[in-house]
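Overview (structure and organization)
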Amino acid sequence: MPVKELLGLIAALLSATSGVMYVSTVVRGNTKPHLYTYILWSIVTCLLFAGQFVSGAGAGSWASLVAALATIAVVPLCAKFGTRDITFGDAIALTCGVVTILPWILTKNPLWSVILANLIDMWAIVPTLRKTWNDPSSEPLLPWLLTQAKHILAIAALSSYSITTYLYPVQAFCMNAILICIILFKKRKLYPGPAGVSAIH
């Protein structure tokens, strides 16, 4: 198997593992996903995968496909297990994301399509960043770490490198890194010392 395809396969497997772990923590009541985040992510990840695929991303797009399926699976779970910490600011972020979808659909320029899609993706994570700051235990650490590894491998697995193929995994890696830092920082403040390390799940 070519190296690119091997990296893409590993990235997809990491994405699947992360998705299964995340869903399992939601069902167990340990994780409280934000509905607004996953509504936008379920839309944008599907279309971003399509954009990567037609732009020649090859095996580098496999992880995006798995991520799209995982985000779709979380949406119905939000109704029962999701956070109730939803604010007016979250609604603004959702509205901005939805409004950005229209020019994204209408644009015929692949570059602008990817840029707008990434803006939607960034709007999507804002409610999750805010509620995680308030309640760091509402997001599990390990699935997000696996997701970061997936993004690194997905970038390495790209068949062609252009802003249309690598912008999404790079942007997602950066935004996820902020979320991970919030989880670690807030849990360290809540559980200082060795107990803080053990409390991270």
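This text goes with the structure placed above it.
Report follows, based on the coordinates.

Conventions used here
- Residues numbered from 1 in each chain as written.
- Predicted model: local features only at pLDDT ≥ 70, side-chain atom pairs only at ≥ 80, totals over all residues.
- Heavy atoms only, no water.
- Helix = DSSP H or I, 4+ residues; strand = E, 2+ residues; numbered from the N terminus.
- Buried < 20%, exposed > 50% of the residue type's maximum accessible area, 1.4 Å probe, protein only.
- Axes fitted to C-alpha atoms, helices over the stretch in contact; angles between N-to-C directions.
- Parallel < 35°, antiparallel > 145°, perpendicular 65-115°, else oblique.
- Left-handed = near helix turned anticlockwise from the far one by under 90°.
- Contact = heavy atoms within 4.5 Å.
- Nonpolar A, V, L, I, M, F, W, Y, C, P; charged D, E, K, R; others polar.
- Core = buried A, V, L, I, M, F, W, Y, C linked by side-chain atoms within 4.5 Å.
- Phe/Tyr/Trp six-rings, centres within 6.5 Å; stacked < 30°, edge-to-face > 60°.
- Salt bridge = Lys/Arg side-chain N within 4 Å of Asp/Glu carboxyl O.
- 1 Å grid on protein atoms, 1.4 Å probe; cavity = no way out; pocket = protein on both sides within 12 Å on 5 of 7 lines; lining within 4 Å.
- Points joined across faces, edges and corners; volume = space filled by probe spheres on them.

Considerations on the overall build of the chain
Check the secondary structure of the chain and you find 8 helices and 0 strands. When burial is assessed residue by residue, the chain has 44% of its 201 residues classed as buried.

Observations regarding the packing of helix H1 (residues 3-27) against helix H6 (residues 141-156)
Two numbers describe how H1 lies on H6: the axes approach to 8 Å, and their chain directions differ by 160°. As summarised for this structure, H1 and H6 are arranged roughly antiparallel, according to the angle between their axes. Classified by chirality, the crossing of H6 by H1 is left-handed. Every residue of H6 that contacts H1 at Lys4, Leu7, Ile10, Ala11, Leu14, Ser15, Thr17, Ser18, Met21 and Tyr22 is listed here: Leu142, Pro143, Trp144, Leu146, Thr147, Ala149, Lys150, Leu153, Ala154 and Ala156. Residues that form the contact of H1 with H6 fall into these classes: 14 nonpolar, 4 polar and 2 charged.

Side note on the packing of H1 against helix H3 (residues 62-81)
For the pair H1 and H3, the least separation of the axes is 8 Å and the interaxial angle reads 5°. Classed by the angle they form, the pair H1 and H3 counts as roughly parallel. Contacts between H1 and H3 involve Glu5, Gly8, Leu9, Ala11, Ala12, Ser15, Ala16, Gly19, Tyr22, Val23, Val26 and Val27 from the former and Trp62, Ala63, Val66, Ala67, Ala70, Val74, Leu77 and Phe81 from the latter.

With respect to the nonpolar core
One finds Tyr38, Trp41, Val44, Trp104 and Trp144 to be the most contacted residues of the largest nonpolar core, which totals 29 residues. For this core, the secondary structure elements donating two or more residues are H1, helix H2 (35-54), H3, helix H4 (88-106), helix H5 (110-134), H6 and helix H7 (163-190). Ranked by residues supplied to this core, first place goes to H7 with 7 residues. Once residues lying within four places of it in the same chain are set aside, the contact partners of Trp41 are Thr71, Asp121, Ala124, Ile125 and Trp144.

Concerning the packing of aromatic side chains
A full pass over the atoms with the stated rule returns 5 aromatic pairs. Where Tyr22 meets Trp144, the ring centres are 6.1 Å apart and the plane angle is 80°; that geometry is what we call edge-to-face. In this pair, Tyr22 is assigned in helix H1 and Trp144 in helix H6, connecting sequence segments 122 residues apart. Of the two residues examined, Tyr22 and Trp144, each falls in the buried class. With a centroid separation of 5.2 Å and an interplanar angle of 85°, the aromatic rings of Tyr38 and Trp41 are classed as edge-to-face.

Let's talk about the pattern of salt bridges
For the structure shown, the criterion picks out 3 salt bridges. The closest approach of N and O atoms between Arg130 and Asp85, which form a salt bridge, is 3.2 Å. Here the residue Arg130 occupies a position in helix H5, and Asp85 occupies one in the loop between H3 and H4, the gap between them amounting to 45 residues. Overall, the relative accessible area of 22% leaves Arg130 in the partly exposed class. Residues Glu139 and Lys131 are paired through a salt bridge, measuring 2.7 Å at the closest nitrogen-oxygen approach. On the accessibility criterion, Glu139 (0% relative accessible area) is buried. A residue is classified by how much of its surface remains accessible, and Lys131, at 1% relative accessible area, is buried. Salt bridges sharing partners connect three or more residues here, namely Asp85, Asp90 and Arg130.

Some thoughts on empty space enclosed by the protein
Throughout the structure, instances matching the rule amount to 2 cavities of 30 Å³ or more. The calculated volume of the largest cavity comes to roughly 340 Å³. Residues that form the lining of the largest cavity fall into these classes: 13 nonpolar, 8 polar and 2 charged.

Points about the environment of Tyr168
In this structure, Tyr168 sits in helix H7. A residue is classified by how much of its surface remains accessible, and Tyr168, at 8% relative accessible area, is buried.

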